[in-house]
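Now for the letters of each chain:
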Amino acid sequence: MKRPQDIAQDESTMGTIVNLTSAFEGLASMRIAAIKNQVLASQGFFAELWQIYRQIRIDPTFRFGRENEHAEIDKELIIAITAEGGFSGDIDQKLIHWMTEHYDPEKQDIIIIGHHGAVQLIEAGVAFKKYFKLPTRDENINVGPLIKQVQQYRTTTIYYQTYVSLMVQDIKRIELQKAVQEAGSQVATDPDVISEKTYIFEPSTFAVIAHLERTMVQIAISQTILESKLAQYASRFRAMSVARERATDSKNELHFMFNRTKRSNADERLKEIINGIRRVEVS
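Below is a short write-up of the structure. (Residues numbered from 1 in each chain as written. Predicted model: local features only at pLDDT ≥ 70, side-chain atom pairs only at ≥ 80, totals over all residues. Heavy atoms only, no water.)

1. Regarding the nonpolar core
And step 1. By size, the foremost hydrophobic cluster in this structure holds 43 residues, and its most contacted members are I79, L176 and I221.
And step 2. When residues of this core are traced back to their parent elements, those giving at least two are α1 (4-56), β1 (73-81), β2 (108-113), α4 (144-150), β4 (153-163), α5 (176-185) and α6 (205-282).
And step 3. Excluding its chain neighbours within four sequence positions, the residues that come into contact with L176 are F64, V150, T156, I158, V217, A220 and I221.
And step 4. I78, M99, L121 and Y159 belong to the second largest nonpolar core, which has 14 residues in total. (Core = buried A, V, L, I, M, F, W, Y, C linked by side-chain atoms within 4.5 Å. Buried < 20%, exposed > 50% of the residue type's maximum accessible area, 1.4 Å probe, protein only. Helix = DSSP H or I, 4+ residues; strand = E, 2+ residues; numbered from the N terminus. Contact = heavy atoms within 4.5 Å.)

As structure tokens, this is what we get:
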């Protein structure tokens, strides 16, 4: 049986773990709240852009801001967003497995975001065209290099993690063009009409439309990255919550063991004293 002082040291160590997991749990919760606010702000900005775009676009075709109507590469681009590190539970594995089930190298190219997903693709023997690190910042995410890739392809599909609740995360697949247009269809109609009769567009109407399309694609991609990060922070929150509960249970068990051992040692000393007194009386 351990000595009481050894058990007390173990209890103190477990108390430190409880405090650390509680701190990490709180940090994850703060990041979740901040990203939610960022997503809401970007949705409002998207709505304003769509109002303008819908009124001035020449035809209903969405070209992702390309100068030419047709893409250079007649294939589908797949963008998979995963965690940068391995501390994301099993959701990255589920995402990669789901994506590779639908992957056809003859018809599709893969761009992977996040080191964790890249490692899994390498281990699975699946080639990808490019790898990007998951952005560390949650605001003003630079997705310019991604947009340049998107503009080269006929269509783009994004696989990413989605936030359901603090304890539930899922994976989702969207076709980028449809996602932008569906988001635009939910924007209320503005009675003000913007046209070449009432406004001057420089350098041209086509250039303004292309700029708006690129900006809306940028917002759409940024939102999928933010939602992936939201799911990752929620996964960390859940992991820290489980770890804190287990550490708390262990700490309580150690405290109970400490008291029991201390009482047992006190009882042994009392027995020794009583037996010593009896021996003295007998002699």
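And the narrative resumes.
2. A few points about the pattern of salt bridges
And step 1. Evaluated as defined, the whole model comprises three salt bridges.
And step 2. A salt bridge links D74 to R154; its shortest N-O distance comes to 2.9 Å. Of this pair, D74 sits in strand β1 while R154 sits in strand β4, and the two are 80 residues apart along the sequence.
And step 3. Using a relative accessible area of 61% as the deciding quantity, one classes D74 as exposed.
And step 4. A salt bridge links E175 to K178, with the nearest nitrogen and oxygen atoms 4.0 Å apart. (Salt bridge = Lys/Arg side-chain N within 4 Å of Asp/Glu carboxyl O.)

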